[in-house]
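The lines below spell out each chain.
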Amino acid sequence: MKRVLMLGTGGTIASEMTGSGLAPALTSEQLVAQVPEIAALCDVTCEQLFSIDSTNITPDHWLLLEDALERNFDRYDGFVIAHGTDTMAYTAAALSYLVQSSPKPIVLTGAQKPILFENTDSKTNLADAFRCAVSDLCGVMIVFNGRVILGTRARKTRTTSFQAFSSINYPLLAVLQNGFLMEYIRPECLPAPRFFRRLDPRVGLLKIIPGTDCGLLDYLLAHNDAVIIESYGVGGLPSYQGSGFFDGIRHAIEGGKTVVMTTQVQNEGSNLAVYDVGFHLKHDLLLLEAYDMTTEAALAKLMWILGETKDPAQIRRLFCKPISHDLLYLKDEAQNEK
């Protein structure tokens, strides 16, 4: 029988009602005890890393998860992480960079309703997560409502529905139905994973709205090592007189900052070369473009890269390198790297 390590972090799945709303209370052992069928799937060991609402997750918690996975990797066949839904996609992306090319499944799951509630989705999600943890799947993934989503491609797209997560710009890895796993795609892996232990949390995010003051971007650039800009459509920035974005980005990049352009639109990604408002950013500045990456993946990837290097050429090379299928490697970027 395979051995699986269950890591508890809190979240809705482990919550109970208090006088001020739901709050995490149950341990990982208590969660597993609520789903007897897990005992027939594998030999489970539980470890409670922390017990918090996922709103309170920080990069330091991602490093605690990485440490637990690295410490225990050789002792178990798979891993299940019970996690709150609100930041689960960020954690899945971060672990995809901190634990790269894992030959064993690292499965995140959670719930929209606590496990002790009636009509909860917790028990099905938890059982499905363990089914994936004892399977031949590999790498970091989210298992939720019968869907298996690659860690770098997940996003929470519904706030209350059981179908909380979507796979963005990438197919599902597998689906689960009535306890059966139907696998579609198996990401490549290595005989042993590559572990990384550093992150640089000084990465900011600015969502552009009509009339955004470029002073907001200047502030974020002054207080971070990198900033991601979520623009409109396929990408671009306001270029009307006095907008100031172009010069602000140029000065920041010349000063060693990293700037990444992405899109607010969920599907199909960016392409700065399409419109004039993006063309000059692409061709006149050393601005990075996220293309079809999710914002969650772009943010986690930058934190990982900046934890490894501050050299602009290396940052560019690593950001443009596909890792765990986070990025469609476009021809123009490949040319730039030669």
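Structure: see above.
Residues numbered from 1 in each chain as written. Predicted model: local features only at pLDDT ≥ 70, side-chain atom pairs only at ≥ 80, totals over all residues. Heavy atoms only, no water.

Enquirer: Tell me about the overall build of the protein chain, and name the residues and values.
Expert: Tallying secondary structure elements over the protein chain gives eleven helices and 18 strands in all. Compactness check: the protein chain gives a C-alpha radius of gyration of 21 Å against a globular reference of 20 Å for 338 residues, within 12% of the reference. Residues counted as buried form 54% of the 338 residues belonging to the protein chain. Taking contacts inside the protein chain between residues at least 6 apart in sequence as the whole, the part at least 24 apart equals 71%. In the structure as shown, the protein chain presents an accessible area of about 14,600 Å², 52% of it carried by carbon and sulfur atoms. Treating the 29 positive side-chain charges of the protein chain as one cloud and the 38 negative ones as another, the clouds have centres 4 Å apart. (Helix = DSSP H or I, 4+ residues; strand = E, 2+ residues; numbered from the N terminus. Rg over C-alpha atoms; globule rule 2.2 N^0.38 Å. Buried < 20%, exposed > 50% of the residue type's maximum accessible area, 1.4 Å probe, protein only. Contact = heavy atoms within 4.5 Å. Areas by Shrake-Rupley, 256 points an atom, 1.4 Å probe, with all protein chains shown as cover. Lys, Arg positive; Asp, Glu negative; His and termini not counted. Charge placed at Lys NZ, Arg CZ, Asp CG, Glu CD.)

Enquirer: Residues and numbers for the sheet that holds strand S1 (residues 3–10), please.
Expert: Strand order across the open sheet formed by eight strands is S4-S1-S5-S7-S8-S9-S12-S13, with mixed pairing between neighbours. Both edges of this open sheet fall to strand S4 (43–52) and strand S13 (180–183), since each of them pairs with a single strand only. Each adjacent strand pair in this sheet contributes to an overall mean axis angle of 25°, direction not counted. In this fold helix H4 (residues 88–98) packs onto strand S5 (78–82), strand S7 (105–109) and strand S8 (139–144), with an angle of close to 160° to the strand it touches most, S8. Across the sheet, helix H5 (residues 122–133) lies against S1, S4, S5, S7, S8, strand S9 (147–150), strand S12 (174–177) and S13, angled at about 170° from S7, the strand it touches most. (Pairing = 2+ DSSP bridges. Axes fitted to C-alpha atoms, helices over the stretch in contact; angles between N-to-C directions.)

Enquirer: Describe the layout of surface pockets, listing the residues and the values that go with them.
Expert: Of the pockets and cavities examined, the largest pocket occupies roughly 420 Å³. What lines the largest pocket is a set of 23 residues, and nearest its centre among them are Gln 100, Ser 101, Pro 322, Ile 323 and Ser 324. At the level of elements, strand S6 (99–100), S8 and helix H9 (295–308) are the ones that each hand at least two residues to the lining of the largest pocket. Here the residues of the lining of the largest pocket are counted per class, giving twelve nonpolar, seven polar and four charged. Computed from the structure, the second largest pocket encloses a volume of approximately 220 Å³. Around the second largest pocket, the lining is made up of 13 residues, and of these Ile 253, Lys 257, Thr 258, Leu 286 and Pro 312 lie nearest the centre. Taken together, the elements giving at least two residues each to the lining of the second largest pocket come down to helix H7 (245–254), strand S17 (258–263) and helix H10 (312–319). Ranked by residue count, the leading element in the lining of the second largest pocket is H10, at four residues. When its residues are assigned to classes, the lining of the second largest pocket shows seven nonpolar, two polar and four charged. (1 Å grid on protein atoms, 1.4 Å probe; cavity = no way out; pocket = protein on both sides within 12 Å on 5 of 7 lines; lining within 4 Å. Points joined across faces, edges and corners; volume = space filled by probe spheres on them. Nonpolar A, V, L, I, M, F, W, Y, C, P; charged D, E, K, R; others polar.)

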